[in-house]
Number of protein chains: 2
Amino acid sequence: VQRLGFGSADVEQPAPLQAVRLPPPRVESPYSSSVADRIRHAYGRSYPDTIRALRGHFEHPPDAVAFPASEVEIEAALEWAASANVAVIPYGGGTSVVGGVEPIVPDRFDGVLSLDLSRMKRVLEVDEVSRSALIEAGANGPELERQLATRGLTMRFYPQSFELASLGGMIATRAGGHFATLQTHIDELVQAIRAIAPAGEWESRRLPGSGAGPAPDRLLIGSEGTLGVIASAWMRVRARPASRASRAVAFDSFAVGAEAVRVLSQSGLNPSNCRLVDGLEAEMTGLGDGGGALLVLGFESGDDGYPVQALLTRALAICAAHGGRAEPPAGTPAGTADASRSGGEPSRRDGSPAGSPAPGGDPNGGGHDAVSGWRAAFLAMPYLRDALVQCGVLCDTFETAVTWERFPAFHESVLTATRESLPQPRRVSCRLTHVYADGPAPYYTVLAPARRGHELEQWQAMKVTASDAILAGGGTITHHHAVGRDHMPWYERQRPQPFALALSAAKSALDPAGILNPGVLIG
Amino acid sequence: VQRLGFGSADVEQPAPLQAVRLPPPRVESPYSSSVADRIRHAYGRSYPDTIRALRGHFEHPPDAVAFPASEVEIEAALEWAASANVAVIPYGGGTSVVGGVEPIVPDRFDGVLSLDLSRMKRVLEVDEVSRSALIEAGANGPELERQLATRGLTMRFYPQSFELASLGGMIATRAGGHFATLQTHIDELVQAIRAIAPAGEWESRRLPGSGAGPAPDRLLIGSEGTLGVIASAWMRVRARPASRASRAVAFDSFAVGAEAVRVLSQSGLNPSNCRLVDGLEAEMTGLGDGGGALLVLGFESGDDGYPVQALLTRALAICAAHGGRAEPPAGTPAGTADASRSGGEPSRRDGSPAGSPAPGGDPNGGGHDAVSGWRAAFLAMPYLRDALVQCGVLCDTFETAVTWERFPAFHESVLTATRESLPQPRRVSCRLTHVYADGPAPYYTVLAPARRGHELEQWQAMKVTASDAILAGGGTITHHHAVGRDHMPWYERQRPQPFALALSAAKSALDPAGILNPGVLIG
């Protein structure tokens, strides 16, 4: 807050649990209707969610919460819900930032059941030869990584919500991981899915690749709980990193840095990390002075003879040709920093206070330079966000993807429109989180003074303005945050109209009573 | 034929066109019903197609053939067909080997219209900054590459059918290209699609990536003409290769070579070429003596500083650790063969006789060693096949993908079952055409003496046996040859049952009269 220059020293405390009044459950069910369970499943983790939870406002909690421990129990819950005319919202880690798990459903339903999969968290089977593992949908990042580590394997997929987000939720929302190229979305890691739809069990074949008809699992991936409940999935896993090289590169401006990233993205080098942070964001995270831009560049492989150094050298040469200045590999003797062979996965933040420095060990290895500064900021951000909200700071992020040709004008228009929708002094910063040969995925962070009691209107005005600018500029309403309830108006404008018809028809076939997460994806 | 030791010196000549008797067209239409057009659209390029065409047997030709030159003309054709109760089969290059374009449709239709897109073959727009091009669906490989070359770009996607296959056909069938890793299927190159469905125009947004709902275009990709007619697509293109390195590596056995390929596939090296050919196939193509196995390994990039040599060196070290013996880079001075900087795209085979050596210039660069030997065989095979058929040789290929853990037993069982379904002396050989970290895509070639007049029964027995063995062993009925009419029984067993319901419902929404390629994908 001091660094921002706005926000209040008067830290708002969360409403005490006993002061919260919930509407009574509308249905009797064999499942939990405890106040604690209903509250815990009422929201995701968006800014409006955080504000409302902080104030103790819970207008639409689920009427009941089920905790199935098996596919049979999922089926039973779906059958009960259909017979009771109750909508079902599959619930993983509860990290949706787009209203994906909020129990707002059409009036025709007599209630809402939140279907919490957290009891289904086992790694059921590992095929070391094919580098694959069958993992239950409720396992969160640390849980699945801990079980895979006993076999020397890792899924190596680190969304910012890693510590809470569940595998099923990642698949249902097409989550984005920390790899900047190639396996950017969870989509690429899915080998096969088992899911329970009201119309039957979905079991796809374990296949490394197939050309037999439209890819079946691609219909479930991104379906956000509307077509079936993902129970488990065979995931592509890998050896822990054995070779790594990384470096930070400074540019005079974000635009110049973006041009270097474009050339990198079209080189075939496929860096595992290639994040370009603008000056404002670098300053916020303590990495810069507010000018220029910083690129964090890294390569890794589970193969201990992988030529990371040759790839990094070429990538740095491309940056240099675009005016990039590679920072010295600080804190370690020259010649070793670029090719460390340490392991290092994120450790859990058990009990550490919000806003504290990120845990040691993280997705991209050790070190104490700008590279690790970025890593710390990346992992700490969700916790820092909650603290800022309590201090009266309107704090949100949104992200998109757009082609390179459109990017400069797009970025200018999204930045300008978003800034103008917010009260002074506001800060709208940007980083490129993922990059493709045909365009970047820019990620925007918004900070502004909140007007206490009017945060939701403020947020809504910003969200509408930013989303309109994204659509008008040729971007997608989301690159990896999903659609949920918040993005529906723009999603409906964005998708091909015949696809809306096809999706709606597919839903009617798989979920004839329409009980699965109604209001999301299918209008 | 001499090398095979079977087949006849009595080369069967194709039936003369004037001797062919076609059933009369069942409907009057504004389109062509000439004998030549109807014959030319009656079959694809499978072995049974070739046999029947050779004998002049055309039982199910289309009743009419339309050649639309625009989206408006596609729409008009669909409207006419719906009003006349006529089925429509979208037709690109006619290279289906699975009965995908054969006009066998349910009796409820009054006729069949083949919708030939060959007049729509322009590159309409190029976005050099985003490395993307808008290409009409009817453009075949050489046509689209010739137009892209004027801008210094290439799609660099070479299925064996490259010279005839159309872009729309590649997308509709999820074609496989020559890259062994990463962009193995056309799926990855599709940025956006324009298609005409009876229910409306499909236009997806040009996006480098998106997480907004299930990926819309993934429903059209692989839909084999059943959901809409692909009119054009924005495709991801690239710079012509500026750096290349390749080498052939010999192994004592196919099994040992496959184990080396598995380790390569899990290394993150992502070679552009990584084809393992068994001894029998190496002998057939003049590359070996029938023993052992040969791996063709290559790296390439459009970036002229790309460290191809470092990547190849590491890949060769992995091969050596598995007993692989790298062949000397023959025909060129040491030190230059591994990093040639030549361009080189396939030139057209205008008028060259079937079975003649492959054209100069090809997907993987120059040279005169085992590497280029493989290339020559790859491109010449479709032409050689027709010649063998005329000599009384039963000649077919089929392909699949399976996880590495299952591969050894799978391969043994598919080989044995296929061999035993064929008369002596038969040859069933294998190569791995594409590889993934979780499994290979094996491609089988079948050669056996044909019993003249009974080829279709012989082929059917082999096809059923091989396909049953593939399904039983955990493979896919096709990795990149599509489903068509030939693979339907196994496709129906393979896909998740709820997906069949969803696809069928989607089709009813997009194609209410069910006129689009009936009998394919949707049972």
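Note that the structure is a prediction, hence the values are computed from the model and not measured.

A. Inspection of the relation of the copies chain A and chain B at higher detail. When chain A is fitted to chain B, the best match, at an RMSD of 0.0 Å, comes from turning it 180 degrees and sliding it 0.0 Å along the axis. Such a combination of turn and shift is consistent with a two-fold rotation axis. A share of 100% of interface residues in chain A that are also interface residues in chain B marks the association as one of identical surfaces.

B. Geometry of the side chain of Ser429(A). Residues and elements named next belong to chain A. Tracing the sequence through the fold places Ser 429 in strand β16 (residues 427-436). Side-chain polar atoms of Ser 429 contact the side chain of Glu 281, separated by 3.1 Å. Residues contacting Ser 429, with those up to four places away along its chain left out, are Asp 278, Leu 280, Glu 281, Tyr 443, Tyr 444 and Thr 445.

C. Region of interest: unusual backbone geometry. Put simply, Gln424(A) and Pro425(A) share a cis peptide bond, and its omega is -15 degrees. Structurally, Pro425(A) is set in the loop between α11 (407-420) and β16. Of note, Arg131(A) is a non-glycine position whose phi angle comes to about 50 degrees, a positive value. Although it is not a glycine, Leu182(B) adopts a positive phi angle of roughly 60 degrees. By secondary structure assignment, the location of Leu182(B) is in the loop between α5 (167-172) and β7 (190-197). By relative accessible area, Leu182(B) is classed as partly exposed at 37%.

D. Local environment of the packing of aromatic side chains. All chains considered together, the criterion is met by 14 aromatic pairs over all chains. Each ring, one from Phe499(A) and one from Trp202(B), has its centre 5.9 Å from the other, and the planes form 75 degrees; the classification is edge-to-face. A residue pair is termed interchain when its members come from two chains, as with Phe499(A) in helix α14 (residues 497-510) and Trp202(B) in strand β8 (residues 200-203). Here Phe499(A) and Trp202(B) have matching classes, each one buried. Of note, Arg431(A) hangs over the ring of Tyr443(A), and the distance from its end group to the ring centre comes to 4.4 Å.

E. How the structure looks around the sheet that holds strand β3 (residues 111-116) of chain B. All names here are of chain B. The strand order β1-β3-β2 describes an open sheet built from three strands, whose pairing is parallel. Here the strands that pair on one side only, and so sit at the sheet edges, are β1 (64-66) and β2 (86-91). If you compare each strand with its neighbour and ignore which way they point, the axes differ by 25 degrees on average. Across three bridges, β1 lies against β3 in parallel orientation.

Cut-off values and rules
Residues numbered from 1 in each chain as written. Chains lettered and ligands numbered in written order. Predicted model: local features only at pLDDT ≥ 70, side-chain atom pairs only at ≥ 80, totals over all residues. Heavy atoms only, no water. Least-squares fit on C-alpha atoms with pLDDT ≥ 70 in both. Contact = heavy atoms within 4.5 Å. Helix = DSSP H or I, 4+ residues; strand = E, 2+ residues; numbered from the N terminus. Polar contact = N/O pair within 3.5 Å; in protein donor to acceptor, adjacent residues only side chain to side chain. Buried < 20%, exposed > 50% of the residue type's maximum accessible area, 1.4 Å probe, protein only. Phe/Tyr/Trp six-rings, centres within 6.5 Å; stacked < 30°, edge-to-face > 60°. Lys NZ or Arg CZ within 6 Å of the ring centre and 35° of its normal. Pairing = 2+ DSSP bridges. Axes fitted to C-alpha atoms, helices over the stretch in contact; angles between N-to-C directions.

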